[in-house]
Amino acid sequence: LPEALKELVVSEKDGEIELKLERARHPVGEVLEALRAGGARIDDVHTREPTLEDIFVEMTRAKPVSSRGA
């Protein structure tokens, strides 16, 4: 997997890799080209839109709070 795509990996199981892409930042065609250029063999591709639950979990996930010097 090319280094630039490793940050997009959500899961890896049984030789399948799930990537989380943002349409505006990660065009599918460019991601596929990067995978091929990196030597990945692509047998099949699945896409899915996030569910309302996915969106809710993403929005409510705890984010680290930066501390400011007082």
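The rules behind these values
- Residues numbered from 1 in each chain as written.
- Predicted model: local features only at pLDDT ≥ 70, side-chain atom pairs only at ≥ 80, totals over all residues.
- Heavy atoms only, no water.
- Helix = DSSP H or I, 4+ residues; strand = E, 2+ residues; numbered from the N terminus.
- Buried < 20%, exposed > 50% of the residue type's maximum accessible area, 1.4 Å probe, protein only.
- Contact = heavy atoms within 4.5 Å.
- 1 Å grid on protein atoms, 1.4 Å probe; cavity = no way out; pocket = protein on both sides within 12 Å on 5 of 7 lines; lining within 4 Å.
- Points joined across faces, edges and corners; volume = space filled by probe spheres on them.
- Nonpolar A, V, L, I, M, F, W, Y, C, P; charged D, E, K, R; others polar.
- Pairing = 2+ DSSP bridges.
- pLDDT = per-residue confidence, 0-100.
- Polar contact = N/O pair within 3.5 Å; in protein donor to acceptor, adjacent residues only side chain to side chain.

(A) Quick peek at the overall build of the protein chain. For the protein chain, the helix and strand inventory stands at three helices and two strands. Listing the helices and strands of the protein chain from first to last along the sequence gives α-β-β-α-α. Per-residue burial over the protein chain gives 9% buried out of 70 residues. Of the contacts formed within the protein chain by residues at least 6 apart in sequence, a portion of 29% connects residues at least 24 apart.

(B) Just the layout of surface pockets, in detail. When its volume is computed, the largest pocket comes out at roughly 1600 Å³. Lining the largest pocket are 37 residues, and of these Ile-17, Glu-18, Leu-19, Lys-20 and His-46 sit closest to its centre. Where the lining of the largest pocket is concerned, the elements lending two or more residues are β1 (9-13), β2 (16-19), α2 (28-37) and α3 (52-60). Per element, the largest residue contribution to the lining of the largest pocket is five residues, and it comes from α3. Of the residues belonging to the lining of the largest pocket, the class tally is 17 nonpolar, five polar and 15 charged.

(C) Summary view of the pairing of β1. By the bridge criterion, four bridges tie β1 to β2 in an arrangement that is antiparallel. Residue pairing for β2: Lys-13 is matched across the bridge by Glu-16. The turn linking β1 back onto β2 is made up of two residues, and Asp-14 within it adopts a positive phi angle of 50°.

(D) Here's a closer look at the confidence of the model for the protein chain. Summary statistics for the protein chain give a mean pLDDT of 87 and a share of 87% for residues scoring 70 or more. Averaged over each element, pLDDT in the protein chain is lowest for α3 (89) and highest for α2 (93).

(E) Structural context of unusual backbone geometry. The phi angle at Asp-14 is positive, at roughly 50°, despite the residue not being glycine. In this fold, Asp-14 is placed in the loop between β1 and β2.

(F) Fine view of the side chain of His-26. For His-26, the location among the structural elements is in the loop between β2 and α2. Apart from residues no more than four positions distant in its own chain, His-26 is found in contact with Leu-8, Lys-20, Leu-21 and Val-31.

(G) Focus on the environment of Arg-48. Relative to the assigned elements, Arg-48 resides in the loop between α2 and α3. Given a relative accessible area of 55%, Arg-48 falls into the exposed group. Distance in space between the C-alpha atoms of Arg-48 and Lys-20 is 9.9 Å, their sequence separation being 28 residues. Aside from chain neighbours lying at most four places away, what touches Arg-48 is Glu-18 and Asp-54. In terms of polar contacts, Arg-48 uses its side chain to reach the side chain of Asp-54, at 2.7 Å.

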